[in-house]
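Examining the three-dimensional arrangement
The residues making up each chain are set out below.
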Amino acid sequence: MSEKPLIIEESAVKGGDFEHGGEASSKIKNVLKKLGIDNSIIRRVSIASYEAEMNIVIYAESGKIALEIFRDKIRITAKDKGPGIADIELAMKEGYSTAPPEIIEMGFGAGMGLPNIKKNSNRLKIDTKVGEGTKLVFEMDLK
Amino acid sequence: MKKESYFHSIRISEEKCLGCTYCMRVCPTEGIRVKNGKAWIQDLKCIDCGECVRNCPHSAIGSEVDLCTSLTSFDYKILVLPSSFASLDFKGIPYEIILKRLFYAGFNEIWEEGIGNEMFLLNTRELLRKRGEKKPIISTACPSIVRFLQVNFPSLLYYLSPLNAPKDILANFIRDERKKYKNLKIFYASPCPAKVTSVKNPQGIKRSQFDYVLGTNNLYNKVLSIREMGEGKIYLSGRVGLSMGEKSGEKNFLKNYKVISISGVQEAKNFFEKLEEEKVPMIDYVEVWACPNGCVGGSLLPTEDINIASFRLELENEKRMRKYSKSVDTLKISKSINQKILFLTEDIKPRPQYFLAEKFEEAARILNETGKILKKLPQIDCGSCGAPSCRAFAEDVAKKEATLTDCIFFKNKQ
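Residues take numbers from 1 onward in each chain, read along the sequence in its written order. Each chain is given a letter, starting from A, and each ligand a number, starting from 1, according to the order in which they appear as written. A pLDDT threshold of at least 70 governs which residues receive local features in this predicted model, and a stricter bar of 80 or more applies before side-chain atom pairs are shown or counted, although totals over entire chains, interfaces and linings include all residues.

1. Observations regarding the overall build of chain B
This is how the line gets drawn: Only DSSP runs of H or I covering at least 4 residues are called helices, and only runs of E covering at least 2 are called strands; the numbering of each starts at the N terminus. Just to be clear, the radius of gyration here is over C-alpha atoms, and the globule rule we use is 2.2 Å times residues to the power 0.38. Burial is judged by counting the other C-beta atoms within 10 Å of a residue's own C-beta: 20 or more makes it buried, 12 or fewer makes it exposed, and any count in between marks it as partly exposed, with every C-beta position built from the backbone. Each residue gets a C-beta atom placed from its backbone, and two residues are in contact if those atoms lie within 7 Å.
The number of helices and strands found in chain B is 16 helices and twelve strands. For chain B, the C-alpha radius of gyration of 22 Å lies close to 22 Å, the compact-globule estimate for 414 residues. Dimensions of chain B, computed from the C-alpha atoms along their principal axes, are close to 70 × 55 × 40 Å. Within chain B, the proportion of its 414 residues that are buried is 48%. A separation of at least 24 residues holds for 78% of the contacts in chain B among residues at least 6 apart in sequence.

2. Focus: the overall build of chain A
Helix and strand content of chain A: five helices and five strands. Going from N to C terminus, chain A has its helices and strands arranged as β-α-α-β-β-α-α-α-β-β. On C-alpha atoms alone, chain A measures out to a radius of gyration of 14 Å, which is about the 15 Å that the 2.2 N^0.38 rule sets for 143 residues. A principal-axis box enclosing the C-alpha atoms of chain A has dimensions of 40 × 30 × 25 Å. Within chain A, the fraction of its 143 residues that count as buried is 34%. Pairs at least 24 residues apart make up 63% of the contacts formed inside chain A by residues separated by at least 6 positions.

3. Notes on the interface of chain B and chain A
Taken together, the contact between chain B and chain A spans 14 residues of the former and 15 residues of the latter. With six residues, the top contributor of residues to the side of chain B that touches chain A is helix α14 (residues 360-376) of chain B.

4. What about the pairing of strand β4 (residues 123-129) of chain A?
Residues and elements named next belong to chain A. The line we're drawing: Strand pairing requires that DSSP identify at least two bridges connecting the strands.
Strand direction decides the pairing type here: β4 and strand β5 (residues 133-141), joined by seven bridges, are antiparallel. Its bridge partner lying in β5, Thr 128 is registered against Thr 134. Hairpin connection, β4 to β5: the antiparallel pair is bridged by three residues, and Gly 131 has positive phi, about 85 degrees.

5. A word on the sheet that holds strand β8 (residues 184-190) of chain B
Each strand in a sheet pairs with its neighbour through backbone hydrogen bonds, running either in the same direction (parallel) or in the opposite one (antiparallel). All names here are of chain B. Using the following cut-off: Every axis in this analysis is a line fitted to C-alpha atoms, fitted for helices over the stretch in contact. Angles between the N-to-C directions lie between 0 and 180 degrees.
Ordered in space as β9-β8-β5-β6-β10, the five strands form an open sheet in which the pairing is parallel. Looking along the sheet, the strands with just one partner apiece sit at the ends: β9 (212-215) and β10 (233-235). Recorded for the sheet is a direction-independent mean angle of 20 degrees between the axes of neighbouring strands. Across four bridges, strand β5 (residues 76-81) lies against strand β6 (residues 109-112) in parallel orientation. Each bridged residue has a counterpart across the sheet, and for Ile 78 the counterpart in β6 is Glu 109.

6. A closer look at the pairing of strand β2 (residues 32-35) of chain B
Both β2(B) and strand β3 (residues 38-41) of chain B contribute to a ladder of four bridges, which runs antiparallel. Note that in β3(B) the partner of Ile32(B) across the bridge is Ile41(B).

7. Details of unusual backbone geometry
All names here are of chain B. In this structure, Pro 136 follows Lys 135 across a cis peptide bond, with omega equal to -5 degrees. Here Pro 136 lies in the loop between α4 (113-129) and β7 (137-138). The backbone of Glu 278 shows a phi angle near 55 degrees, a positive value even though the residue is not glycine. Relative to the assigned elements, Glu 278 resides in the loop between α11 (265-276) and β12 (285-289). Residue classification places Glu 278 among the exposed positions, given that 10 C-beta atoms sit within 10 Å. Phi is positive for Gln 379, which is not a glycine, with a value near 55 degrees. Within the secondary structure layout, Gln 379 lies in the loop between α14 and α15 (390-398).

8. Observations concerning the sheet that holds β12(B)
Taking strand neighbours across the sheet as the criterion, the three strands line up as β7-β12-β11 (chain B) in an open arrangement whose pairing is parallel. Of all strands in the sheet, those bounded by a partner on one side alone are β7 and β11 (259-263) of chain B.

9. Description of the environment of Cys407(B)
Residues and elements named next belong to chain B. Position of Cys 407 among the secondary structure elements: in the loop between α15 and α16 (408-413). Along the sequence, Cys 407 and Cys 390 sit 17 residues apart, while their C-alpha atoms lie 8.9 Å from each other. When neighbours within four sequence positions are excluded, Cys 407 is seen to be in contact with Leu 377, Cys 385 and Phe 393.

10. Observations regarding helix α5 (residues 143-152) of chain B
The buried fraction of α5(B) is high, at ten of ten residues. Buried residues in α5(B) make contact with α7 (193-200), α11 and β12 of chain B.

11. Here we look at the nonpolar core
Which entries qualify depends on this criterion: One nonpolar core equals one set of buried Ala, Val, Leu, Ile, Met, Phe, Trp, Tyr and Cys residues connected by C-beta atoms within 7 Å.
Core analysis: the largest hydrophobic core is formed by 92 residues, its most contacted members being Leu79(B), Val80(B), Ile145(B), Phe148(B), Phe187(B) and Ala290(B). Setting aside chain neighbours within four positions, we find Ala290(B) in contact with Cys49(B), Cys142(B), Ser144(B), Ile145(B), Phe148(B), Ala194(B), Val265(B) and Ala268(B). Ile37(A), Ile76(A), Ile366(B) and Cys390(B) belong to the second-largest nonpolar core, a separate cluster that totals 45 residues.

12. Side note on the packing of α4(B) against helix α13 (residues 328-336) of chain B
All names here are of chain B. The following threshold applies: Roughly parallel here means an angle under 35 degrees, roughly antiparallel means over 145, roughly perpendicular means 65 to 115, and every remaining angle is called oblique. The sense of a crossing depends on the near helix, which, turned anticlockwise from the far helix by less than a right angle, makes the crossing left-handed and, turned clockwise, makes it right-handed. The residue classification treats Ala, Val, Leu, Ile, Met, Phe, Trp, Tyr, Cys and Pro as nonpolar and Asp, Glu, Lys and Arg as charged. All others, Gly included, are polar.
Contact geometry of α4 with α13 gives a least axis separation of 9 Å together with a crossing angle of 50 degrees. Relative to α13, the element α4 lies oblique. In this structure, α4 meets α13 at a crossing whose hand is right-handed. Residue-level inspection shows Ile 115, Glu 118, Met 119 and Leu 122 of α4 in contact with α13, the latter providing Asp 329, Thr 330, Ile 333 and Ser 334. Looking at side-chain class alone, the contact of α4 with α13 contains four nonpolar, two polar and two charged residues.

Quick look at the structure:
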């Protein structure tokens, strides 16, 4: 393991709770602002963490989003109890979505979630088991 | 942290302040603390929104304006009246008579800021018409909002309109137009502390073309106590300009575009959070005011109720509607206007005040410390410690700007 993180923050995310979906990523944004982190990095973290949070809200039963800040990078871990991803390669394709129609009607599940996370982070790791859940770990380098 | 100085116009009277914490709770940048029974402003955080002025139950907070005594000189004096002036309760005295009393008070010309509003709106529409402009464009009409962005949302400064604020467009115009008067002095009657500050410490321009800035409340008292009338030149705004004295004035004029209209600093804060997170629909233009209902809600207006004030402004507006939508003067001016006077000339720089420390490692230490301290606090935000919330207090303690025993609950636990 590399050095210890300077900051660790964790938020619980409830599946199906659209009303509060987005609060965890807002919280992350405000922590980064207080630390004086560069606006362009805040923007990337903010977009990627929102996508990860909404994935939990849309697909999973429950989950957690953890923020770890190191001297040289930011790591977000989004872990959920949920259906898992059957085909990661497909899920990484822009526009591919398994969201049911009522979710798509709400403007979510456009199949941009994972591609957006990948696009806005320096590294993305996906661990998933169908029927059990998914763990996303993504990192943004500082400077 | 580095000590910098910054001028804002809000002043707390030490004599009148009872340390009641009303102001501290409403400050949108958490920039007020109560220490030793008195409220103190952290100057760098002040955006002159006037929430503290409006909410002080003891009239202990005001704005550093110029006094009406500056009117007795022999200079050629021009007064610019804000659109919200027409929303005031003149106790049955017609607006025309009020203007004549102002001439008696010593002004040679009176211009309504609405003419500046009209020039501002015509050019805003031009900007929106051009394709490829970054969207949404955020209005520069409210100086408190400009300062709010500098202090709390610097990443959004990118969206600010390049246009000068309406009153500054007008002041530039008058200065050019009346060059022949050597002793010309231009006065502004400000409805709020932010516009006072925008004259004394402008952002986006090198210097303001206003020489003096009066408080509308002081001018109101003066004009109601004058009985005589004088003569002078009047330049009235049309309907379009006058309606910018309240919320939706911009939106109603820019009706071919997608415009959101926001008033109240808390509402503005919520919106900017969402805009920063890119969670807003497609919007072309953001009309946004720090005061409730827009300028009619200005904290230097002697207004007993903002909804009645809005209503009075609309009545005055109806009188003009039959004549012109835009002022004849605006129409004349826009034909010959020097484009330069329309635009900001300086960068509006970020001035973020939410960093916990300059250095990242130190900021991280403070943040962790804040979390630990916060767990010990009751989290009921009672304000007795002199900070606006338990979290703000925990931050102050972590920054060593307060001590834990300032919390009465913590004292009791010991």
